[in-house]
Number of protein chains: 2
Amino acid sequence: VSGSDAGPALGPGPEFDLIRRILARAAAGEVEVGPGDDAAVLRGGIVVSVDMAVEDVHFRRSWLTPEEIGGRAAAAALSDLAAMAATPVGALLSLALPAGDVAAAAALADGARSVIEAAGAALLGGDVSGSPGPWILDVVAIGSTPRPALRRGARAGDELWVTGELGGTAAALYAWSRGIEPPPGARRRFASPRPRIREALWLADRGLVRAMIDVSDGVAGDAGHIAAASGARAILEVACLPVDADASATGDGVRLALSGGEDYELLFAAAAGLVEPERPAFEDRFGARLTRIGRITNGEGAWLQDEAGSLAPAPAGGFQHFRTEAR
Amino acid sequence: VSGSDAGPALGPGPEFDLIRRILARAAAGEVEVGPGDDAAVLRGGIVVSVDMAVEDVHFRRSWLTPEEIGGRAAAAALSDLAAMAATPVGALLSLALPAGDVAAAAALADGARSVIEAAGAALLGGDVSGSPGPWILDVVAIGSTPRPALRRGARAGDELWVTGELGGTAAALYAWSRGIEPPPGARRRFASPRPRIREALWLADRGLVRAMIDVSDGVAGDAGHIAAASGARAILEVACLPVDADASATGDGVRLALSGGEDYELLFAAAAGLVEPERPAFEDRFGARLTRIGRITNGEGAWLQDEAGSLAPAPAGGFQHFRTEAR
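What you are looking at is a predicted structure, and each value in this text was computed from that prediction instead of being measured. (Residues numbered from 1 in each chain as written. Chains lettered and ligands numbered in written order. Predicted model: local features only at pLDDT ≥ 70, side-chain atom pairs only at ≥ 80, totals over all residues. Heavy atoms only, no water.)

J.: Report on the packing of helix 2 (residues 66–83) of chain A against helix 3 (residues 103–118) of chain A, specifying residues and quantitative values.
T.: All names here are of chain A. The N-to-C vectors of helix 2 and helix 3 enclose an angle of 40°; their axes lie 7 Å apart at closest approach. Judged by the angle between their axes, helix 2 and helix 3 are oblique. Remark: the crossing between helix 2 and helix 3 carries right-handed chirality. Contacts between helix 2 and helix 3 involve Pro66, Glu67, Ile69, Gly70, Gly71, Ala74, Ala75 and Leu78 from the former and Ala104, Ala107, Leu108, Gly111, Ala112, Val115 and Ile116 from the latter. (Axes fitted to C-alpha atoms, helices over the stretch in contact; angles between N-to-C directions. Helix = DSSP H or I, 4+ residues; strand = E, 2+ residues; numbered from the N terminus. Parallel < 35°, antiparallel > 145°, perpendicular 65-115°, else oblique. Left-handed = near helix turned anticlockwise from the far one by under 90°. Contact = heavy atoms within 4.5 Å.)

Written out as structure tokens, the structure reads:
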């Protein structure tokens with residue numbers, strides 16, 4: 001794996017344009033995989049990712065306990081390691097809180113730590129400072145892998161697979177945005193996501209993964225990232241999507257599953273026919289579905305295919321802070 | 001170096017109590033140096049530090065250009081690597097900005113990148129999200145070192161040395177807090193700190209460093225951290241402090257030098273007599289002073305010694321966000 005050709009190749013959308021612009025001139029040194037993947041990979045297979053969570057952008061305090069807020073921020077960073085098929089080693093936690101909320105810091109850190117430790121890593125350190133208003137958390141996750149799973153590497157003929165179910169976190173946001181309490185399962189999906197660390201290692205160890213990403217921008221947007229990085233087209237077969245039951249119950253399940261962001265499931269491309277024989281063992285071991293949801297072809301972009309077989313461009317990536325969360 | 005006995009040993013003050021509480025149960029795994037030092041050290045000598053900068057806590061937009069804000073955040077994280085005598089490898093940048101300020105993101109990133117590249121590292125990636133108000137930057141700096149310089153290791157009889165001059169950034173804050181524009185030199189010290197990366201490697205390569213920290217909480221507070229981590233007493237000889245000229249001009253130079261925080265100079269303990277013979281070469285090479293400012297004795301805490309020889313406890317660590325920046 002060489003980073004020299006790893007210019008940032010991201011799917012469409014204003015947030016990605018911005019990241020692309022920021023990283024355009026970023027260099028590569030002791031670095032195997034630079035900007036544009038789920039995490040940076042350093043020589044020796046050290047993988048580093050960072051994830052910021054800002055109150056009223058990524059969460060609201062009225063929705064979650066401080067422990068859940070801390071755990072969710074940690075899960076987001078660890079999920080980037082899962083996407084690289086890396087084993088978590090440690091994490092650093094930065095907190096910024098208004099002076100009056102200092103008592104919450106220990107609860108935030110406890111929540112983060114328990115998720116970090118459940119992933120087999122250690123909380124290595126951190127930083128606490130003031131904030132003029134919002135709670136801010138930033139988690140750095142550090143892992144290692146001999147062979148990172150990248151976004152690039154998918155080829156025409158590959159199948160696209162996803163772990164678990166999609167749209168559950170979006171169903172929770174859907175309820176909160178209407179002023180109602182989400183169903184318990186949807187709330188749990190949002191409040192306590194579990195990064196798919198062991199699942200990623202299991203899949204990668206069996207040689208099933210050609211390209212992988214975690215579902216953090218909605219599966220349509222994330223399929224677009226794999227397509228862009230791989231120089232190929234991703235086709236999602238809408239009828240195959242494993243839509244979360246609470247998402248379905250809204251009557252808008254497919255849309256929530258496609259663009260609902262932050263499910264922290266794994267989306268990966270595999271050579272045709274390899275995954276299905278392993279599927280029962282995966283589902284048995286992890287108690288989670290493994291579903292073929294599409295394929296890779298020549299071309300570009302992420303596309304949706306309906307049951308009649310007709311194709312349409314997928315909606316641009318899901319959760320775009322600057323568009324949907326502007327205030 | 002083993003992390004098993006590396007419980008967080010920090011100097012006094014409410015912010016440190018909080019960090020201590022958060023990290024108290026943090027574990028050590030593949031980790032050589034865990035919580036409580038300037039950065040975490042992983043097996044293989046990979047060093048990781050993180051530094052968050054929040055508008056109206058760490059900086060004001062009316063004081064600095066976006067490029068300076070980005071550069072300063074990067075310098076703070078890189079200075080933690082310098083404190084460990086680590087060679088920078090790469091950095092990750094997270095930004096959170098209100099929707100209307102997106103245009104500033106490229107300037108913030110440009111400022112960070114130029115400081116990162118000047119330190120010999122690469123900008124490896126990053127993340128951009130919305131903010132409900134303040135600008136927020138978080139920089140993760142990654143380095144490597146075969147032999148990290150730690151806060152512990154100072155012994156009775158050692159000398160305490162500091163690079164450069166102290167109080168310049170505090171002099172800038174002193175002016176701004178009175179509504180006047182700082183002198184150019186003081187403003188530059190605040191706006192464009194240069195992490196002492198090469199200086200740290202030079203000192204460590206010559207075996208001059210027994211314990212080291214970067215001056216980010218005021219030299220009195222940081223001497224307290226070395227004392228606490230080393231199980232010893234740090235005595236600062238007030239008459240020896242290299243007080244910045246703009247700090248002196250305020251009439252309150254010693255106080256600004258002692259507790260003014262964020263000078264990003266290096267404070268280190270060295271065996272008696274070793275540094276002085278190397279001082280001219282250091283000053284010639286780096287164009288910066290190298291000054292003996294005190295000593296290590298048996299005991300605990302950081303103490304000030306006046307010219308008459310009498311001792312008093314040093315003021316508790318300098319820049320404490322929750323106390324001085326509460327709003």
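J.: How would you explain the packing of aromatic side chains if you had to name every residue and give the values?
T.: With the rule as written, the count across this model stands at 12 aromatic pairs over all chains. Ring centres 5.8 Å apart and planes at 80° place the aromatic pair A:Trp63 and A:Phe190 in the edge-to-face group. Note that A:Trp63 is positioned in the loop between strand 3 (46–54) and helix 2 and A:Phe190 in helix 5 (residues 184–191), a separation of 127 residues in sequence. By the burial criterion, A:Trp63 is buried, and A:Phe190 matches it. Measuring from centroid to centroid gives 6.1 Å for B:Trp202 and B:Phe286, while their planes differ by 90°, and the two rings are edge-to-face. Remark: B:Phe286 occurs in helix 10 (residues 279–286) and B:Trp202 occurs in helix 6 (residues 197–205); sequence separation between them is 84 residues. As far as burial versus exposure is concerned, B:Trp202 and B:Phe286 are alike and both buried. Chaining the aromatic ring pairs together yields one cluster made of A:Trp63, A:Trp176 and A:Phe190. The ring centre of A:Tyr174 lies 3.6 Å from the NZ or CZ of A:Arg178, which sits over that ring. Above the ring of B:Trp202, the side-chain terminus of B:Arg206 is found at 3.9 Å from the ring centroid. (Phe/Tyr/Trp six-rings, centres within 6.5 Å; stacked < 30°, edge-to-face > 60°. Buried < 20%, exposed > 50% of the residue type's maximum accessible area, 1.4 Å probe, protein only. Lys NZ or Arg CZ within 6 Å of the ring centre and 35° of its normal.)

J.: So what's going on with the environment of B:Gly153? Residues and values would help.
T.: All names here are of chain B. Mapped onto the elements, Gly153 comes out in the loop between strand 6 (136–144) and strand 7 (159–163). Take Gly153: its relative accessible area is 31%, and that puts it in the partly exposed class. Counting along the chain gives 42 residues from Gly153 to Pro195, while the straight-line C-alpha distance between them is 22 Å.

J.: Tell me about the nonpolar core, and please be specific about residues and values.
T.: Counting 88 residues, the largest nonpolar core has A:Leu203, A:Val219, A:Leu236, A:Leu267 and A:Phe268 as the members making the most contacts within it. Looking at this core, the element that brings in the most residues is helix 2 of chain A, giving eight residues. Once you skip the residues sitting within four places of it in the chain, A:Val219 turns out to touch A:Leu166, A:Leu236, A:Leu241, A:Ala257, A:Leu258, A:Leu267 and A:Ile293. In this structure, B:Val47, B:Ile69, B:Ala105 and B:Ile226 belong to the second largest nonpolar core, which totals 87 residues. (Core = buried A, V, L, I, M, F, W, Y, C linked by side-chain atoms within 4.5 Å.)

J.: I'd like a rundown of the sheet that holds strand 7 of chain B, residues and numbers included.
T.: Residues and elements named next belong to chain B. Taken in spatial order, the seven strands line up as 8-10-7-11-9-12-13 in an open sheet, and their pairing is mixed. Bordering the open sheet on either side are strand 8 (211–214) and strand 13 (311–313), each of which pairs with just one other strand. Between one strand and the next, the sheet's axes are offset by a mean angle of 30°, whatever the strand orientation. Bridge analysis of strand 7 against strand 10 (residues 266–270) gives four bridges, and the strand direction is antiparallel. Bridged to Trp161 within strand 10 is Phe268. Packed onto the sheet, helix 6 meets strand 7, strand 8, strand 10 and strand 11 (290–297) and runs at close to 5° relative to strand 10. Of the strands in this sheet, strand 8, strand 9 (233–237), strand 10, strand 11 and strand 12 (301–305) touch helix 7 (residues 219–230), which is tilted by about 145° from strand 8. (Pairing = 2+ DSSP bridges.)

J.: Describe the sheet that holds strand 11 (residues 290–297) of chain A, and please don't skip the residues or the numbers.
T.: Pairing between sheet strands relies on hydrogen bonds along the backbone, with the strands arranged either parallel or antiparallel. Residues and elements named next belong to chain A. Within the open sheet, the seven strands sit side by side as 8-10-7-11-9-12-13. Their pairing is mixed. Each edge of the open sheet is held by one strand with a lone partner, namely strand 8 (211–214) and strand 13 (311–313). Across the sheet, the mean angle separating the axes of adjacent strands is 30° when strand polarity is ignored. Bridge analysis of strand 9 (residues 233–237) against strand 11 gives four bridges, and the strand direction is antiparallel. Of the residues in strand 11, the one forming a bridge with Ile235 is Arg295.

J.: Break down the side chain of B:Gln305 for me, citing the residues and quoting the values.
T.: All names here are of chain B. With respect to the element layout, Gln305 can be found in strand 12. Within the structure, the side chain of Gln305 is placed 3.1 Å from the backbone oxygen of Gly309, a separation counted as a polar contact. If we skip the residues at most four places from it in the chain, Gln305 touches Ile235, Leu236, Glu237, Val238, Arg295, Ser310 and Leu311. (Polar contact = N/O pair within 3.5 Å; in protein donor to acceptor, adjacent residues only side chain to side chain.)

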